[in-house]
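# Report on the structure
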Amino acid sequence: MATEYRFSFGPWNIHEGADPFGPSVREAFDFDEKVGFYRGLGFVGIQFHDDDIVPDIDDKTHAQLMSRTKTVKAQLDNHGLTPEVVAPRLWESPQTLDGAYTANAATERAYALERSKRCVDIANEIGCKNIVLWLAREGTYIRESKSSSGAVGYILDAINALLAYDAEIRILIEPKPNEPMDIAYIPTIGHAIGLAYASADPGRVGGLIESAHAILAGLEPSDEMGYALYHKKLWSVHLNDQNGLKFDQDKAFGSVNLRRAFNQVRVLEENGYGRNGEFVGLDVKVMRTQPRELSTKHLLSSRRTFLNLLEKVRTYDREVAQAFIASRDYEGLDFYILEHLLGK
Ligand code: 3MF
Ligand code: MG
């Protein structure tokens, strides 16, 4: 039976176009409008930051968090949407200037853990077991400011504390090698999976791979995915594209390198990704030049590109490929794939 893929994105993927050099260029869609777009674009899953669900979390009581979460849950039910993941936003508070779990100040590390526990409470209330940790500020601008070995211990302590806080949640580490930090402590999926095995409950710690983050680490995203799939730890993906080593671009999936995108789809498909309920998540940004009423096209096209490439994965002739492999004619295989992708 062919996998029926389910797709997700986060509300931040519909945005106003601000970048570090210029302000917003489009009026925002409010959250209610955004949740209304999902089904029409072909998406059934929604990714969240904790404060996408409850704005200004730090100023609210537990009762207020739960009440706002219930409202959002009702909206999701109305639209037939599943909350795929919830991620604590640990990079905007004045208390995470020096990192979150790895801040040098104990009070700041305590804040980060407390905020993460609130994220778990929100996830529970909305009916989601997947907590994503994008370790945005766990790293350094200069090496001498922290202990790199000690930092690993701090991150692991936080993960273990969250596993102990809730017996059901799973933690998905989303590695990224840089930005906002000069250098991050958990730059690749190999690092993340090392932490998973060192944790108090390895079966509940896995990863989320973003294509652009792997590319920024100088790595091939499909191989990174294969590595995590072997360990049965690829629990989500953020598909997108990236034009070389520069700022994190979050371009539409396949828009820079179609063959690299083809190989991500191939590895997911060949390893049964999605059969245990995993979503095909996107993390894409629309171009700053795009008019507001056309500012969801990157989502539509990224999903369509996945499906178009899926057809290419399902229709390339394995016997032909196998014959090239058996005779070690990789030049032949290379050209066969190119012609297949070009529809020849
Ligand atoms: C940063 C990212 C983030 C994370 C998101 C979920 C804005 O490079 O990719 O998206 O995916 O915060 O943790
Ligand atoms: Mg991402």
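Thresholds applied
- Residues numbered from 1 in each chain as written.
- Chains lettered and ligands numbered in written order.
- Predicted model: local features only at pLDDT ≥ 70, side-chain atom pairs only at ≥ 80, totals over all residues.
- Heavy atoms only, no water.
- Core = buried A, V, L, I, M, F, W, Y, C linked by side-chain atoms within 4.5 Å.
- Buried < 20%, exposed > 50% of the residue type's maximum accessible area, 1.4 Å probe, protein only.
- Helix = DSSP H or I, 4+ residues; strand = E, 2+ residues; numbered from the N terminus.
- Phe/Tyr/Trp six-rings, centres within 6.5 Å; stacked < 30°, edge-to-face > 60°.
- Lys NZ or Arg CZ within 6 Å of the ring centre and 35° of its normal.

This next bit is on the nonpolar core. Of all hydrophobic cores here, the largest spans 81 residues; its most connected members are F48, I159, I173, L234 and F306. Ranked by residue count, the leading element in this core is helix α5 (residues 148–165), at seven residues. One finds V85, A87, L172 and L208 within the second-largest nonpolar core, a separate group that totals six residues.

Here we come to the packing of aromatic side chains. Overall, the coordinates contain eleven aromatic pairs when judged by the stated rule. Pairing F7 with F306 gives two aromatic rings, centres 5.4 Å apart and planes at 85 degrees, and the pair type is edge-to-face. Remark: F306 occurs in helix α10 (residues 297–315) and F7 occurs in strand β1 (residues 7–9); sequence separation between them is 299 residues. Each member of the pair, F7 together with F306, is buried. Chaining the aromatic ring pairs together yields one cluster made of Y5, F7, F9, Y38, F43, F253 and F306. Taking the ring centre of W235 as reference, the NZ or CZ of R170 above it sits at 4.1 Å. Directly above the ring of F29 sits R292, whose terminal nitrogen or CZ lies 3.9 Å from the centroid.

Remember, this is a structural readout, not a statement about activity or role.
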